[in-house]
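Per-entry structural report
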Amino acid sequence: MKRVLSLWLPRFATERYHLSPARNWEGQHRLPEAPFALTENERGLLRLSAVDRRAEAQGLTPGLPLTQARALLPGLVTLAHDRGAEKRRLEKLADWLERYSPWVALDESNEGAAGSAACWLDISGCAHLFGGEAMMGRDLLHRLEGWGLTVRLGLADTPGAAWAVARFATAAGEPLRIVPADGQRAALASLPIAALRLQEAEVELLGRFGLLQIGQLYELPPAGLAPRLGGAVQRRLRQALGAMAEPLSPRRAPLRFEARLGFSEPVAAVDDLAAAVEKLLQELCRTLQQADQGARRLLLVLHRVDASRQEIQIGVSKANRDPEHLGRLLADRQESFDPGYGVEVMTLAAGVTEPLSAEQMTLADRRKADRGETGGLLDRLLNRLGTGRVYSLEQRPSHWPEAAQVKREPTEKGDLPNAWRSTFDGQNPAGLRPLRLLPRPEPIETLALLPDHPPVRFVWRRVTHLVARAEGPERLLGAWWERPLTNENAARDAAREAGEPARLPQRDYYRVEDQEGRRFWLFRDGGDWFLHGLFG
């Protein structure tokens, strides 16, 4: 059964400035112990947008003009309300909340006007890891209140019911309200109409009809409410009671294959973390084996005690669920482990998976495996050098040199042997193509005896080369549906404007060798010469 936790922080905008130094995620200095408020410019007039507990006790409320607030409380400390920084702080808090559930979403239904903030957590199947729902809620309360935050928690089967009890069925002495399974109808009956997340105008109109509590709506026919109030009231009521689904989107899509390990005390020793990684790997690989899946990318997350997190990612060239091989790759990254003040929870997830069924190996296959495969070497190079630095050149059916190959990372899905084949198989007879192709053809200055002859001298990068021998030309024609990388398109456009027939892109390539034995790949495009590659 689905269980949703609504976390409400009614004073988050102001209390985030008073967080303890260990939890001050942006390194911001704490404010003095004085009444404090945030201000916003509203049509040229500064008004209070959020007040802390001390300022509220002195009679200040959001919406009050700043001049009037200072007249009532001369010692008021104010800052401009930076909603962007507040959103970033809430995002960091949501990252930390993933230690309780991988499904976390920001609740922006009516937050921000009075400096409050909220999050949703889908804790279905997670509460038993903390000893039950009550233990999980008390643990979350204890940690957040220890940071100096005012917290209200509501737990129910539906987001609407959890939202309602968190705001209207909790108090300072009872900040946690748990609605039993299928108990939302009784829990919501005595709550005010505003607990249905309605607009102020709708709440006011229902009040004129004498409908002040949610329970009064239970027996009313939907046809009687819709003509006067529209369908919003009935829709919110049905969502809160579970009669209509209410989809919510998490910040990150929950991963299908994930292993989680929590510690009773924060762990700071790297050796202990390495032992925990080994345990997580064993659990994750068992899950992958049961589903006939293999991992292509693993994500290890260290949830630190100071609400920060460290993410370590590794990739493999083909689907794998061997704990020893994956463990060696993670061991290479062990020196990057940063436990900080200590790690409370570790998660290991397979971010990308592929089908991987058991295979029967022959004796020849076993001998080949014993000699070693390129996959293991690629995996270690990839994770030591980083993504984007290990790649193959995959062949494409194109005669145009720039389009004849593309870069392909070994972690991309596909058949490894076909991807890591020679780039010029079947297209480089007798070594007619250079080993090194420049990223873009570079213009050169040439001197030729006749216009259609190869150059006898050329200047490239301010160095003069005297040609000893040349071979060519080899004429290449570009495809009309492709856009080449040099100036053929401009020439075709100019010809079209002049009323002349446009020609297909055309290059005449020459293999030349200078007097010092260096070999180059040159081509002529119209009247211009370019150097495109180097041999050897």
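Values in this document were obtained by computation on a predicted structure and should not be read as measured data. (Residues numbered from 1 in each chain as written. Predicted model: local features only at pLDDT ≥ 70, side-chain atom pairs only at ≥ 80, totals over all residues. Heavy atoms only, no water.)

**Observations regarding the pattern of salt bridges**
Evaluation of the coordinates by the stated rule reveals 34 salt bridges. The partner of Arg236 in a salt bridge is Glu246, with the nearest N and O atoms 3.6 Å apart. Here Glu246 lies in the loop between helix 10 (232-241) and strand 9 (258-267) and Arg236 lies in helix 10, a separation of ten residues in the sequence. Between Arg518 and Asp514 there is a salt bridge; the shortest N-O distance is 3.0 Å. A relative accessible area of 36% means that Arg518 is categorised as partly exposed. (Salt bridge = Lys/Arg side-chain N within 4 Å of Asp/Glu carboxyl O. Helix = DSSP H or I, 4+ residues; strand = E, 2+ residues; numbered from the N terminus. Buried < 20%, exposed > 50% of the residue type's maximum accessible area, 1.4 Å probe, protein only.)

**So, a nonpolar patch on the surface**
A contiguous nonpolar patch, built from Leu447, Leu449, Leu450 and Val456 and spanning about 380 Å² of accessible area, is present on the exposed surface. Tracing the backbone shows Leu447 in strand 15 (residues 436-448). Looking at Leu447, the relative accessible area reads 42%, which means it is partly exposed. (Patch = residues over 30% accessible without salt bridge, like charges linked within 9 Å, V, L, I, M, F, W, Y side chains within 5 Å. Areas by Shrake-Rupley, 256 points an atom, 1.4 Å probe, with all protein chains shown as cover.)

**Examining helix 6 (residues 159-168)**
Burial within helix 6 is extensive, with nine of its ten residues counted as buried. Every buried residue belonging to helix 6 is among Pro159, Gly160, Ala161, Ala162, Trp163, Ala164, Val165, Ala166 and Arg167, and all of these are buried.

**Observations regarding the sheet that holds strand 2 (residues 36-42)**
Strand order in this open sheet of three strands is 3-2-4, and the pairing throughout is mixed. The strands lining the two open edges of the sheet, one partner per strand, are strand 3 (45-51) and strand 4 (77-80). The average angle at which neighbouring strand axes cross in this sheet is 40 degrees, direction not considered. Strand direction decides the pairing type here: strand 2 and strand 3, joined by six bridges, are antiparallel. In the strand pairing of strand 3, Leu38 is matched with Ala50. (Pairing = 2+ DSSP bridges. Axes fitted to C-alpha atoms, helices over the stretch in contact; angles between N-to-C directions.)

**So, the packing of helix 9 (residues 222-229) against helix 10**
Put simply, helix 9 and helix 10 touch, their axes get as near as 8 Å, and they point 130 degrees apart. Considering their axes alone, helix 9 and helix 10 lie oblique with respect to each other. Within the contact between the two elements, helix 9 uses Pro222, Leu225 and Leu229 and helix 10 uses Ala232, Val233 and Gln234. Among the residues forming the contact of helix 9 with helix 10, the class breakdown is five nonpolar, one polar and no charged. (Parallel < 35°, antiparallel > 145°, perpendicular 65-115°, else oblique. Contact = heavy atoms within 4.5 Å. Nonpolar A, V, L, I, M, F, W, Y, C, P; charged D, E, K, R; others polar.)

Any functional reading would require information beyond the geometric quantities listed.
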